[in-house]
Structure formats: C-alpha cells, structure tokens
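As a plain string of letters, each chain reads:
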Amino acid sequence: MVKDTRISTKLWAAANWTLIGFFIVNLLAMIATVVTSSFATRWLGTWLPAGWTTRWYSAAWSEFQLHDVLLVTFQIVFLVVVLSGLIGVPAAYALARRDFPGKKLVMLLFLLPLLVPPITFGIPLATVLYQTGFAGQMSGVVLANLVPTVPFVILVMIPFIEQIDTKIEQAARVFGANTFKLFVHVLLPLLMPGILAALLLVLVRTLAMFELTFLTAGPTSQTLVVALYYAVFASGVRAVQSIDAMAVIYMVTTLIWLVIALRFVNPTQIVARAKK
Amino acid sequence: MSTDVSIPLKQRLAARGLDGLTLLVVPAVLFLLALFIYPFLYGLFLSFEPKQGGVFANYQRFFSDSFLYGTIGTTLWLALPVTIATLALAIPIAFRVRLMRNQRLLTTILVIPITLGTVLVAEGLLNYLGPQGWFNRTLMTLGLISSPVKLLHNYWGVMLSLVITGFPFTFLLTLSYLSGIDPALEQAGATLGAGPWERFKHILFPLLLPGLAITFCLSFVQAFSVFPSAVLLGAPAGPTRVISIAAYQAAFEEYDYSMASAVAMIMALVQLAIVVAVLAARGLLYRGPAGGGKG
Amino acid sequence: MTINAASFRELRLDRLSRDFGSHNALKDVSLTIGKGEFIALLGPSGCGKSTTLNLIAGLLPATGGGIWLDDKRIDPLRPEERGFGMVFQNYALFPHMSVNRNIGFGLKMRGVPRAEIDRRVAEAAALVRLQGQTEKLPGQLSGGQQQRVAIARAIVVEPPLVLMDEPLSNLDAKLRLEMRAEIRRIHNTLGATTIYVTHDQEEALSLADRIVVLRDGVVRQVGTPEDLFSRPDHLDVAEFMGFRNKVKGQVASAAEGRATVAVGEAQIAGRTRNAVTAGAEAWLAIRPEDLHPVAAGQPGLTAQVVSTEFRGREFVGFARMADGTDLSFLAHDKLSPGETVTLAAEPDRVLVYGGAA
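Residues numbered from 1 in each chain as written. Chains lettered and ligands numbered in written order. Predicted model: local features only at pLDDT ≥ 70, side-chain atom pairs only at ≥ 80, totals over all residues.

### What about the overall build of chain B?
Stated precisely, the cut-off is as follows: Segments assigned H or I by DSSP are reported as helices when at least four residues long, segments assigned E as strands when at least two residues long, and all are numbered from the N terminus. In this description the radius of gyration comes from C-alpha coordinates, and the expected globular size is given by 2.2 Å times residues to the power 0.38. Two residues qualify as being in contact provided that their C-beta atoms, derived from the backbone, are within 7 Å of each other.
Broken down by element type, chain B carries 12 helices and 0 strands. Moving toward the C terminus, one meets the helices and strands of chain B in the order α-α-α-α-α-α-α-α-α-α-α-α. For a compact globule of 295 residues, the expected C-alpha radius of gyration is about 19 Å, and chain B comes in at 25 Å, more than 25% above that figure. Projected onto its principal axes, the C-alpha positions of chain B cover 100 × 70 × 35 Å. Contacts in chain B between residues far apart in sequence, at least 24 positions, make up 75% of those at least 6 positions apart.

### Some thoughts on the sheet that holds strand β19 (residues 340-344) of chain C
Residue and element names in this part refer to chain C. We apply this condition: Two strands make a pair as long as DSSP finds a minimum of two bridges between them. Fitting a line to C-alpha atoms yields each axis, with helices limited to the stretch in contact; the angle taken between N-to-C directions then spans 0 to 180 degrees.
In space, the 5 strands of this open sheet follow the order β15-β19-β16-β17-β18, with antiparallel pairing throughout. Looking at which strands have only one partner, the edges of the open sheet turn out to be β15 (292-294) and β18 (326-331). Taken over all neighbouring pairs, the strand axes of this sheet differ in orientation by 55° on average, direction set aside. Note: strand β16 (residues 301-311) against β19, 4 bridges, orientation antiparallel. Within β19, the residue paired with Thr 302 across the bridge is Thr 342.

### Quick notes on the interface of chain B and chain A
Condition: Put simply, Ala, Val, Leu, Ile, Met, Phe, Trp, Tyr, Cys and Pro go in the nonpolar bin, Asp, Glu, Lys and Arg in the charged bin, and everything else, Gly too, in the polar bin.
Residue-level contacts link 79 residues of chain B with 76 residues of chain A. With 19 residues, the single largest contributor to the side of chain B that touches chain A is helix α5 (residues 104-128) of chain B. Residues that form the side of chain B that touches chain A fall into these classes: 55 nonpolar, 20 polar and 4 charged.

### Looking at the environment of Glu 135 of chain C
Residues and elements named next belong to chain C. Stated formally: Residues with at least 20 neighbouring C-beta atoms inside 10 Å of their own are called buried, those with 12 or fewer are called exposed, and the rest are partly exposed, where every C-beta is derived from the backbone.
Inspection of the secondary structure assignment puts Glu 135 in the loop between α4 (114-127) and α5 (143-155). Given 10 C-beta atoms within 10 Å, Glu 135 falls into the exposed group. Distance from Glu 135 to Ser 98, taken between C-alpha atoms, is 5.4 Å for residues 37 residues apart in sequence. Among all residues touching Glu 135, those that are not within four sequence positions of it are Ser 98 and Asn 100.

### Concerning the UniProt feature "domain: ABC transmembrane type-1" (unreviewed entry) in chain B
Applicable threshold: UniProt positions are given in the numbering used here, feature names are shortened, and annotations may be inferred rather than shown by experiment.
The feature "domain: ABC transmembrane type-1" (unreviewed entry), as given by UniProt, occupies residues 72-278 of chain B in the numbering adopted here. Counted over residues 72-278 of chain B, helix gives 77% and strand 0%. Its end C-alpha atoms are 18 Å apart.

### Describing the nonpolar core
Where we set the bar: Only buried Ala, Val, Leu, Ile, Met, Phe, Trp, Tyr and Cys residues enter a nonpolar core, and they are joined through C-beta atoms within 7 Å. Source of the domain bounds: an automatic or database domain assignment.
Residues Val 153, Ile 154, Val 225, Leu 228 and Met 246 of chain A together with Ala 247 and Val 263 of chain B are the most contacted members of the largest nonpolar core, which totals 169 residues. Sorting elements by how many residues they give to this core places helix α7 (residues 155-179) of chain B first, with 14 residues. Both of domain 1 (1-53) and domain 2 (55-272) of chain A provide at least three residues apiece to this core. Setting aside residues up to four positions removed in sequence, Ala 247 of chain B forms contacts with Ile 123 of chain A together with Ala 260, Val 263, Ala 264 and Met 267 of chain B.

### A look at the packing of helix α2 (residues 55-63) of chain A against helix α11 (residues 240-262) of chain A
Residues and elements named next belong to chain A. What counts here: Angle categories are assigned with fixed cut-offs, so that under 35 degrees is roughly parallel, over 145 is roughly antiparallel, 65 to 115 is roughly perpendicular, and the rest are oblique.
Close contact between α2 and α11 brings their axes to 8 Å; oriented N to C, the two are set at 80°. The orientation of α2 relative to α11 falls into the category roughly perpendicular. Seen from α2, the contacting residues are Trp 56, Tyr 57, Ala 59, Ala 60 and Glu 63; seen from α11, they are Gln 241, Ser 242, Ala 245 and Met 246. Residue classes in the contact of α2 with α11 are distributed as 6 nonpolar, 2 polar and 1 charged.

### Considerations on the domain arrangement of chain C
Residue and element names in this part refer to chain C. Examined at the domain level, chain C breaks down into domain 1 (5-235) and domain 2 (236-354). On a C-alpha basis, the centres of domain 1 and domain 2 stand 38 Å from each other. Listed by partner, the interface residues are 13 residues for domain 1 and 12 residues for domain 2. Going through the elements one at a time, β9 (210-215), β10 (218-223) and α8 (225-230) are the ones with two or more residues in the side of domain 1 that touches domain 2. Here the residues of the side of domain 1 that touches domain 2 are counted per class, giving 6 nonpolar, 3 polar and 4 charged.

### Quick look at helix α6 (residues 138-162) of chain A
Residue and element names in this part refer to chain A. As a reminder of what qualifies: Helix span, as expected, comes to 1.5 Å for every residue beyond the first. By definition, a residue's bend is the angle between the axes fitted to the seven residues ending there and the seven starting there.
Compared with the 36 Å implied by 1.5 Å per residue over 25 residues, the 35 Å span of α6 between its first and last C-alpha is a close match. The sharpest bend along α6 reaches about 40° and sits at Leu 146, with the proline Pro 148 one to four residues further on. Along α6, 18 of the 25 residues are buried, which leaves the element largely enclosed by surrounding structure.

Next comes the structure, spelled out in structure tokens:
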C-alpha cells in the first residue's frame, strides 16, 4: 500500500468515493422507502406520508397468514441447518484429512451446486421431486434447499478443519480415544466456532433462498420470501403498505440472523466461498 | 512365534488414504448424486422425450419460435452489460477500499442486498423507482428532469435490480482476490520507480486478472439466471422475457416438463459456453501464487 | 484391548517397511527393545526415524513387516488400542482443555473412575513439577511448561512404552538441557521403556542406553553411546557422529585392527572398522578436536590454512589439502591464512574405513 499525494490520484479517489456513496445512498433509500411505506397511513405524491400507523403490520399478519408462514419457514430452516451440518461436517472432515483417488472429482461435485445458479438446476430438480412426490410439501423444500447448503458447509469447513493440527487428533488416538470419543471430546469443541459460523450462514441463505423454495413449495410449505413474492406478484389485490409491512418483517428476520452471523465471519466470506 | 508379516487388506487400503474416516464423505456424495447429478441427467433425457414429435422436437420448437429462442438474446442483453458494468465499477472501488483500515462497515452494508435477495430488492425498487418515488422526486427537485423517468416494468427496472444485487457480489469477490496479493509486491514496484498507474498496469492487474475471470463467470451466471426481478420489475411478456421465465412457464403453466427440461438444458449450455470461453482465455494467463516469494 | 504393562518383555520390529508411493521411507527395519530400555532413534531429517515412531504408535499404517509385543502382533491395532504414551514434537496439547484435563485425558478414555483420575493426575503433575499450574489452559503456559504437560500426559497412563518425537526441538538451549535431565530422571523414576527420536547426537548420547542410527530408511548401526561415539561401523555414521574430516587414501599395510594409509606423501596410522586390504582405497575419519598442527616434517596431513576462528580457549582452524579436501582442526595459536600446516592425530583417534564411501 503506497501512499500517493498527486492531484490526479486524489481526484480519482474522490470519483470512486462518489460512486460508492451514490450506490449506498440509493440502497439505503430503497430500504427506507419500504420501511416508511409500511408505517404510512396514506402516501401519494408527497415526500413523506400523510400520517403514521402500525396497523399494516396486524393487517399483513392476518392477510398473509404470517403466523403459519413464519412457523413453516422456521421449521424448514431448522431442518436444513441441522441436516446440512450433519451431512456436511463429516464430509468436510474426511476431505480435509484424507487424500484418496477421485478426490478432485468429489470436490467438483461439491463445487458445482454453488456455481450453477439455483434456477438452472432447480427446474430439473423440481421435476424429479414432483415425480417422486416430495415436492409440494415440506420434505421436498428441505431436500431442494440442501442441494446448495451441504456443499456450502463442506467448503466453509474444509479450511477451518485444515488449520487444526492433526497432531492433536493423533495425540487423542494414542491416549486411547476411539473415533467417537475423539469426535466428542476433541474435535467437536475445537470445530464449534467454525460449525456455528457455517450453519448461521446456511440459516441466512435458506431464509433468503427464493428460487428453490419457489419451485418446490406447495401452498402449505411456502417460506416467507416465497409468500412475499406472491404478494408482490399479486399487488393491487392488497394495499401496498400491507405488502411493505410483510417485506419489513422479512427484512428484520433475515438481518437479525445476518448480524449474528457477522459476529463470527467476515462479510467477504459470504461471497468468497466459491473462490478456488 | 509366527513370523508372518503379510499386510492385511485394511492396512493396505489405509496406506492409500481409504479407511473408515474417508467413508464420512459418502453420505454427502450420495446426496448430491441423487439430488444434483441425477436430476440433471434425468432432465437431459426427459428433454429428448417430447410430448409430441421426434427426439429433437423440443429443441426444434425452441429454435424455430422467436418467442422462445428470443429469450436467449434478451437474457444475454441483460446479463452481459450488467456483468461488465459491475466489474468495471468494482475494480477501481476495490482498489480504493483495499487501502482502508476498517473495511468492515462498508462490506457489511454491501452484503445486505445479497442477503436480502432479489425478491426484496424488487419489492423495494417498486416503491423507490416509481413515478412518485424518492428517486424521481429527487431528480425533479434537482431540476435534472421535468417529468418522472419510467424505470419500472421495462428493461431498466430489471437492469437496476441486477446491479443492486450484482455489484456487491462482484465487488466483495474482487476485494477478496485483491487482498490475496502481497502488498510488498506493490511496494517493490514503487521503490523501482513505478507510479500508481504503472503499478496497477504491470503488477496488480496481471496478478488480479485470473481472479477477475472467475468473478466475471460467477457474476455473469448469476445475472443470466435472473428470475423474480424480471417478473416483478420488468415486462415479463415482452422486453424482459428472460430464459428462466420460459423454462418456468413450460414447467408450471403448461406442465410440459419435457419442454421445461429442454429450456433448462439450453440455459445451462449458454452459461457453460460463456464460462468455458472465459476460463479458456484465463488459461493463457499467469496463475501462480500472488505472494511475494515465501509462498 | 489395552496391553497390560506387566506382561511385556520386549518390543520387536520385524522387517518393518513403509513406502510413500514409490519412495521407501523405511526398509526392512528389525529391532528388539527390552523392557526398561531408553532407546534413541538418531539420524538426519528424512532418515525414517519419525516414520518408525509413527508406525510403532499406529499413526501410520505399515506397508510391510510387523510389530510384535512379546507374542502379540500389534501393527494391525489402531493407535487407541495400543495403550502407549507419546510426547509430540509440538506437544499437541488439547488447546480447549485445562492442564488437568489434558493430563487426565488418557485415563478418562480408559474409563478410570473420577477420583482415581484426580489422584493420578496430581501425582503426574507433581512428578513433572507442574503443581499450581493445573487449572491453566495450554496457551497460558511457557514452552517448557507445555513440554512438562505433554510428558505428564504421556506417563500418567503408565504405558508399557513411551514414545517421544523430538520433544526438545522447540525449546531454547538452556531449557533443552534442563528438560533433557528431567526426561532421564522421569524415565528412571518410572522404570519406563522409552523410544526417543532426535536428530541431535549430543541429546542421543547423553540420554540413551542404546542408540539406533538410521539413514535413508535403513538401520546403519545399533549400539551404546560409547560404541557409537568411538567406534562407528560405517563412514557415514562416523561423519554423523562428529568425525567431520574425511580423507581419501591408499592402504599401505593392514593387520589386527590397525592400518597405515598413504595420503599423498604422508603415512597415517589408525584403527580399522571394517575389512581393509593393503593396496585398496580407504577413508580416514578424524574428529576436528583430535586433529592438531604438528612440527613440519612429522607424519601428518599437509594443508594450507584458509581461516581460523577464536573459540575461547582454542582456535578452530580450516585448511585445504592440495587435492581440495577440506579439514577442520583445533590449534592453540592463531594461524594466518595461506600458511602451510601439518596436521596429525593420535593413531587411536583415527578411524580407517576400507572401500568406496
């Protein structure tokens, strides 16, 4: 990092900051619009609404059956988080600790679902899930969501496991720990921070996963984001403020978990997982 | 006392890295074979078993109907400009942010739109970019325009939503590649008399380029699979009828899974073609470590 | 199926081998170790000494041969079934457990009752002089203290065999000497059987009852420290044991363990270590501390001084012979570069090895 004091450099820096400032102002203004609207009595043709109210929240709660939707959402998210941890962490451990023939191919298998966009593999996946009878109910939604989250857990956990000295595991073995005891007494406590971070990110991703849930959910297995999509899609039927209130509920739900997750991970990690 | 020293099979396998521990990978592999590879292959075969007509009837129909084959062009016309624009914005800004001591606040703000997802961004933009929204109001107050600009239910609405979710993604990925370059290399360049532009051109950019190729691929693939915002913010029957809408309609409105699979396969192929082209070009670049000697 | 310490008489390695792909890390190593012995595996890095230790511990599967504890073959057993104690190079303490829990880990795995664990951990902590530190985490301890925890953890299970993998390599010189004495004291106190891996000859000589010298995966010599120090079997072992001057010559005469070797004009007498025949090529091996300048004309090696370094009581000199062979020696007086010296050693201190190096 070399400091530079030339005028041209300063102008260039200023231009960059202006761009990023412009982006952030618009982003925050967009979010503020939704929040403002959700508390507005009437908001037409003015800078700010005519008055403030919270009634849209109770309206949205009953109109969109948010109680049921949230319950379903949390059930699905909980199952996805637990299952992707159970499948992903052991696999990550094996991949971090062993070299075996065909390992490159296995890694590719885990990389692809993260690189291929959900809508692309979601349509054939939904077709198979409909024909096997899983789609349309909660199990289908969970299965579909696990397709990207299992590899995600694996790829986040591999470097975390690799930085734990194998000698510590060898020591546990020499002192009489079998695989199960090794896992409970040594590995699990050491891996906990990494598992927690990976699973929190899975939680946030699953809350926000629209495409796969949308393609596989039935009327009783929609998550909040899919319900929001249908509400926006059918806008005109309900008051705009009511939809905005639902959007705020969705935002708060997601952002709370994001804030918790960011206590454990760096924001760049959320996108940089695909980096090879 | 026996002197048999033959080695049991279990030990011989273990010497090659195959033991009980390796088997922990099996559930994950089986899961993805069943729910990722199998559906893809199933879809591929299904696409050659059309509801009517010969083996290639789906593909013939797709490429003879402008309402269908046109979606490729429509999607590319959205995805390519968005990818190039976000990359062009992300590179200089990443170079700037790299110098900051505390990047956390900025990166946190930028990760928000990615986390919230495309549906919420679409919903927000419907409010924000509308004729009475704050965006048009500000422009009119500043006197830049006299009547509201139409930014919704057309190309621009989808384009802007893709930039809002795409830019942070591209930026954070670029930043993480850039942080992987040893700062000592740039300092070495400076001591040898290279100015900021020369340092960028001769040292940083060549080292960053392979990472940028990956970033381009990922950003492009994301943009190419645009779906909810094309429906909610665009004109899904016309100028923003992207390929995922065609696939969705075939599957869930016409219940023609065979045709839907064909469209999905075409979608995957176009993505693959662009990615392969970019990665092939990347193969020509330097791809070694970006550290300064000590690995 | 933990091994009962009482039943153990000897540990036998039988043609033990380990390949990594096409590379032979260890080739047909056979060795018998008796109960109570302190054995050092000595050799330069990559000689196979750590591989041997890992094979005994069960951390690495063998690709040939077997390991026997008395009449029982143990190499198919998993490490946790062997019941040995091990001290790792970087200690490998469990970072999330207190000193107490680290030491008690092996006992807990064996299902020893809580009260007995506490008692034995306290005993082991006292033996390694760690009282008062036992509630700390490993990260809060100094290097020497961590080392003590690692040793306590290995011995508290009263293992038939304690394995130590370069345990002192991460300590500074002063602590190294202190811990060396500690390790020997603990070994004697417990009457344990110890296999100790090191690349440091001095460490091996001062600690071990017997030393096993390994090179390129093959055992070169097994013997007591005195054997190895004064009577290495091979030229490469001699070199490794500090016979740093290696001079080529031709055997003039050889009889009854003595030989005279012609190097240029000079005739040098020494003790033979293998078959030496008159007229054949041979190597002389001499320690620098045994090689001194003598008056010109006396029998000795003629060389030109390159440099001398002051070492307190004496000077260490470096010289080069006419054929390019480098020599190091000790001198009482400073010599100037370029000067010609004659260097000689007591015949008893000169080893003669026949054949090519």
